[in-house]
Number of protein chains: 2
Amino acid sequence: MHDERITAVETRDVRFPLLEGAGSDAIHSGSEYAFATTLITTEARNFGTGIVLTLGNGNQLVCRAIEMLAQKLIGRDVEELMSNFGDYSRRLADDPQLRWLGPHKGVVHLALASLTNASFDLWAKMRGVPLWRLLLDLSAQQLIRLLDLSYLENVLTCEDVLSILATEMSGREAREPILQHGYPGYDTSVGWFEYGDDKVKALAQQALQRGFRAFKLKVGSEDGSRDLRRAFMLRALAGSEAMIMLDANQQWTLPTAVKICRELTAMSPYFVEEPTHPDDIDAHKRLAEAIAPTRIALGEHVPNRVLFKNMMQAGALHFVQVDCTRVAGISEFLTVSLLARKFGLPVVPHVGDMGQIHQHLVLFNHIALGHEALFLECIPHLQKHFVSPARIENGVYRTPELPGSSSDLHGVTPAR
Amino acid sequence: MHDERITAVETRDVRFPLLEGAGSDAIHSGSEYAFATTLITTEARNFGTGIVLTLGNGNQLVCRAIEMLAQKLIGRDVEELMSNFGDYSRRLADDPQLRWLGPHKGVVHLALASLTNASFDLWAKMRGVPLWRLLLDLSAQQLIRLLDLSYLENVLTCEDVLSILATEMSGREAREPILQHGYPGYDTSVGWFEYGDDKVKALAQQALQRGFRAFKLKVGSEDGSRDLRRAFMLRALAGSEAMIMLDANQQWTLPTAVKICRELTAMSPYFVEEPTHPDDIDAHKRLAEAIAPTRIALGEHVPNRVLFKNMMQAGALHFVQVDCTRVAGISEFLTVSLLARKFGLPVVPHVGDMGQIHQHLVLFNHIALGHEALFLECIPHLQKHFVSPARIENGVYRTPELPGSSSDLHGVTPAR
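Residues numbered from 1 in each chain as written. Chains lettered and ligands numbered in written order. Predicted model: local features only at pLDDT ≥ 70, side-chain atom pairs only at ≥ 80, totals over all residues.

**Student:** What exactly am I supposed to notice about the overall build of chain A here?
**Tutor:** From N to C terminus, chain A includes 16 helices and 13 strands. For 416 residues, the compact-globule formula gives about 22 Å, and the C-alpha radius of gyration of chain A, at 20 Å, lands near that figure. By its C-alpha atoms, chain A is 60 × 45 × 45 Å across when sized along the principal axes. Each of the 416 residues in chain A was classed as buried or not, and the buried ones make up 56%. Counting only contacts in chain A whose residues sit at least 6 apart along the sequence, the fraction spanning at least 24 positions is 76%. (Helix = DSSP H or I, 4+ residues; strand = E, 2+ residues; numbered from the N terminus. Rg over C-alpha atoms; globule rule 2.2 N^0.38 Å. Buried ≥ 20, exposed ≤ 12 C-beta atoms within 10 Å, placed from the backbone. Contact = placed C-beta atoms within 7 Å.)

Rendered as structure tokens:
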């Protein structure tokens, strides 16, 4: 392994308009998918790509924030940086001036995510291995030095992390066949909010034919009757064995969520996602109690490990949808995955990265942490823009083999 | 009353370097105070000033976000806008593209606060009354239409708000003498983190002579012994009757906070502020139980009504330090003040506005909502930059009489 200094950090405000209705939900319409992209270059002109998702306007705010944080990276050796990334991440997150704008949430935290993801991508490329392999080959001590465990002291200490890693080491070999077999994807693109019933039916049928057995439907309509009709329609079409997830994208109040989730019980949703405001820990806890055994998933708008810890402590969620393009990148994603392991909760990432990075992280979580590789969200709209798009065959995510985190985008390369 | 259309919204990135050590705490050093400032102008060239505090770098991010949100204001009639401001605020907060960057937190939410504060300032100036008077003169129905109560349905409904307002109406007259007598300030500028012991002593003595009987000291040192020494030093100097608040600015872990707060009990802090991470509801709740009767204050980093609701539900805080330059401006400040009334908790604002706007809001909270006017933080470093700085005489905030929210800054006026 060789080392190189970082010579430049650039940003790109990359935008992808979506076709009519794609990406729509009860809260978001007319969106485009946008990546606030970081490009980190070394003296030998290796480069790493880091992405975070936004929905168009505001992407340039994240790019500007990346540039403000990036100065501290210039001149650092990559291996030295990654040998102590947790400390580095914490120093950036606690910048004495920018911290005020959060802390650890919003535009500046998204910027840290993009920088972090670029650093990991660069590191894996320079080691010539895919991200999942890089992470699996780290020692427990090396892994722990990637993490910022501050403010988790009462729940997840360094010793806890070492204990989880040691305990799960024995089962690694038995779990490695996932590298050959892959794991299921679930198709979110069949059920966007603005799609008419006929389109949802046609897309779901096509997805069934392509091998998918798990689907997401957007709900959260004004009076709920549209949600009910469409949910039962999809159940009838996909069959009783299919997993159907319903995503309200925070549209409901707690009283509304209780009412409509009870009515939806009869179509057996696998989980209900983001039923109400993502900061409302108590509401999710009450809802979970009120609608059991229906289960709750959330995380795409939970910005950091501290709020995830509180969600888990309260019993407010059953599926942890942490997204490495929302929390502080791959590093905080791993921390939240360890937290989830401690609480015995499954991690089912939200794919702000379109599944490119998370396909690696699901493999790591399964093999090294013993998480079930339940499934991973599949949103294919941007596949053609990635240099090596995730391969989903017969509804199954196949193991990525190229070095890095699969984040490179066509035409998005360093200028310098 | 006349009405006018809004013709322009401009921003100013206003920065004020601080003298050596001023503004420092356990987390923030080398800061400058900065205001991301909104200037809203009408066709008759009336203008409103809205400020939110940041600590320097990043202020331009907020200004840029203000510009992105501002377009929806142009051409609106001021009275018509303010007759339904809650809806308007909600639409801006839920912008289908920018919402992703939060929701309701970070840079975009700060931008909404600045826009909101400028709108209220303009409204009060056009009516020719100080902000406190404007708010007191609104009917209950007018007041409720300033608020976005969404996601509070399980705790604070419109009916609850009307009930609070109606109940407190009977005591208004008895509380109005506060307009003549004022209410106490407490001095934060005696105890900045980087000030040496001698400086703290000298400043506290001067503040006592100027009539202050309440003081804040920054704590959160590496091993805690410095905090203990300085806290007992200030108690000895200020006397047993003085109110001394200790502010850790999130520096402690939960275990550390429990330990050091117990050691601090003997100097009887009036409250301990921001002991740990502001998102950690559960940690504050546990701490409150562990260190009772010592009480906890927080809020300067709590970004919205939903997180405040959760804090209150959990019993995680005893003093609500909501800041109208952190939540979505004066509107969400009022909502949180109503929530606090529902939970029977006192509101003691953090003064990101240097006390300029909050001096009005304390009067309204006391007279209309029946909140105790306990005291208001006093940070005088920027007084000379305001056109009409808050008057604090003999340690007492005097009632502001000029039209508006006291937010105008020297040399910060519309170009157009």
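**Student:** Just to check I follow, could you spell out the interface of chain A and chain B for this structure?
**Tutor:** Think of interface size as the accessible area that goes away when the parts come together; that is how it is often given. Counting from both sides, the interface comprises 47 residues of chain A and, opposite them, 47 residues of chain B. Within the residue set of the side of chain A that touches chain B, elements represented by two or more residues are α1 (59–70), α4 (106–127), α12 (254–264), α13 (281–291) and α14 (305–314) of chain A. A per-class count over the side of chain A that touches chain B returns 20 nonpolar, 19 polar and eight charged. (Nonpolar A, V, L, I, M, F, W, Y, C, P; charged D, E, K, R; others polar.)

**Student:** Explanation requested: the packing of α12 of chain A against α13 of chain A in the structure shown.
**Tutor:** Helix-helix packing is described using two parameters, namely the angle between the two axes and the distance between the axes. Residues and elements named next belong to chain A. It is the contact of α12 with α13, at a shortest axis distance of 10 Å, that shows an interaxial angle of 25°. Considering their axes alone, α12 and α13 lie roughly parallel with respect to each other. In this structure, α12 crosses over α13, and the sense of that crossing is right-handed. For the pair α12 and α13, contact is made by Leu254, Ala257, Val258, Cys261 and Arg262 and by Ala283, Arg286, Leu287, Ala290 and Ile291, respectively. The residue makeup of the contact of α12 with α13, split by class, is eight nonpolar, no polar and two charged. (Axes fitted to C-alpha atoms, helices over the stretch in contact; angles between N-to-C directions. Parallel < 35°, antiparallel > 145°, perpendicular 65-115°, else oblique. Left-handed = near helix turned anticlockwise from the far one by under 90°.)

**Student:** Looking at this structure, I do not really get the relation of the copies chain A and chain B. What am I missing?
**Tutor:** Note: a rotation about an axis with an accompanying shift along it relates these two copies of the chain. Once chain A has been moved 0.0 Å along the axis and rotated by 180°, it coincides with chain B to within an RMSD of 0.0 Å. Given the turn and translation reported, the copies of this chain are related as if by a two-fold rotation axis. By C-alpha distance to the rotation axis, the residue of chain A lying nearest is Gly106 of chain A, at 2.2 Å. In this assembly the copies share their binding face: 100% of the residues contributing to the interface of chain A also contribute to that of chain B. (Least-squares fit on C-alpha atoms with pLDDT ≥ 70 in both.)

**Student:** Would you mind going over the domain arrangement of chain A with me for this structure?
**Tutor:** Residue and element names in this part refer to chain A. Structurally, chain A comprises domain 1 (6–130) and domain 2 (172–397). Look at where the C-alpha atoms of domain 1 and domain 2 centre, and you get two points 24 Å apart. The partner domain 2 presents 30 residues to the 28 residues of domain 1 that form the contact. Only α3 (85–93) and α4 provide two or more residues apiece to the side of domain 1 that touches domain 2. (Domains from an automatic or database assignment.)

**Student:** I keep staring at the packing of α1 of chain A against α4 of chain A and nothing clicks. Help me out?
**Tutor:** All names here are of chain A. Where α1 meets α4, the closest approach of the two axes is 8 Å, and the angle between their N-to-C directions is 65°. On the basis of their axis angle, the class for α1 and α4 is roughly perpendicular. By crossing handedness, the relation of α1 to α4 is classed as right-handed. Residues Leu61, Val62, Ala65, Ile66, Leu69 and Ala70 of α1 lie in contact with α4, whose contacting residues are Val107, Val108, Leu110, Ala111, Leu112, Ser114 and Leu115. Looking at the contact of α1 with α4 residue by residue, the class counts come to twelve nonpolar, one polar and no charged.

**Student:** I would appreciate a short explanation of helix α15 (residues 329–343) of chain A in the present structure.
**Tutor:** One full turn of an α-helix is made of 3.6 residues, so residues set three or four places apart face in the same direction. Between its first and last C-alpha atoms α15 of chain A spans 21 Å; for 15 residues at 1.5 Å apiece the expected length is 21 Å, and the two agree. Downstream of α15 of chain A by one or two residues, Gly344 of chain A has phi in the positive range, about 70°. (Expected span 1.5 Å × (residues − 1).)

**Student:** Is there a simple way to explain the confidence of the model for chain A in this structure?
**Tutor:** When pLDDT is low, close inspection of the predicted coordinates is not appropriate. Mean pLDDT over chain A works out to 97, with 100% of the residues at or above the 70 mark. Complex prediction metrics read pTM 0.98 and ipTM 0.97. (pLDDT = per-residue confidence, 0-100.)

**Student:** It is not clear to me how unusual backbone geometry should be interpreted in this structure. Could you clarify?
**Tutor:** A negative phi holds for most residues other than glycine; trans holds for most peptide bonds. Residues and elements named next belong to chain A. Here Gly102 and Pro103 are connected by a cis peptide whose omega angle stands at 0°. Residue position: Pro103 is located in the loop between α3 and α4. Ala292 connects to Pro293 through a cis peptide bond whose omega is 10°. Residue position: Pro293 is located in the loop between α13 and β9 (296–298).

**Student:** Is there a simple way to explain the nonpolar core in this structure?
**Tutor:** When a protein is soluble and globular, its nonpolar side chains tend to lie buried together. Val107 and Phe215 of chain A together with Val107 and Phe215 of chain B are the most contacted members of the largest nonpolar core, which totals 262 residues. Residues in contact with Val107 of chain B, not counting those within four places in the same chain, are Leu61, Leu101, Gly106 and Val107 of chain A together with Leu61, Val62, Ala65 and Leu101 of chain B. (Core = buried A, V, L, I, M, F, W, Y, C linked by C-beta atoms within 7 Å.)

**Student:** Looking at this structure, how should I read the environment of Pro17 of chain B?
**Tutor:** Checked against the element boundaries, Pro17 of chain B lands in strand β1 (residues 6–17). Sequence separation between Pro17 of chain B and Met126 of chain B is 109 residues; the distance between their C-alpha atoms is 33 Å.

**Student:** Looking at this structure, how should I read the pairing of strand β7 (residues 243–247) of chain A?
**Tutor:** Strand residues, when the strand is regular, have side chains that alternate between the two faces of the sheet. Residue and element names in this part refer to chain A. A large share of β7 lies buried, amounting to four of its five residues. In this structure, strand β6 (residues 214–218) lies alongside β7, joined through five bridges in parallel fashion. Note that in β7 the partner of Leu217 across the bridge is Leu246. Where β7 meets strand β8 (residues 271–273), three bridges bridge the pair, whose relative direction is parallel. Of the residues in β8, the one forming a bridge with Asp247 is Glu273. Regarding topology, α12 serves as the crossover connection from β7 to the parallel β8, and that connection is right-handed. (Pairing = 2+ DSSP bridges. Right-handed = clockwise from strand over helix to strand, strands pointing away.)

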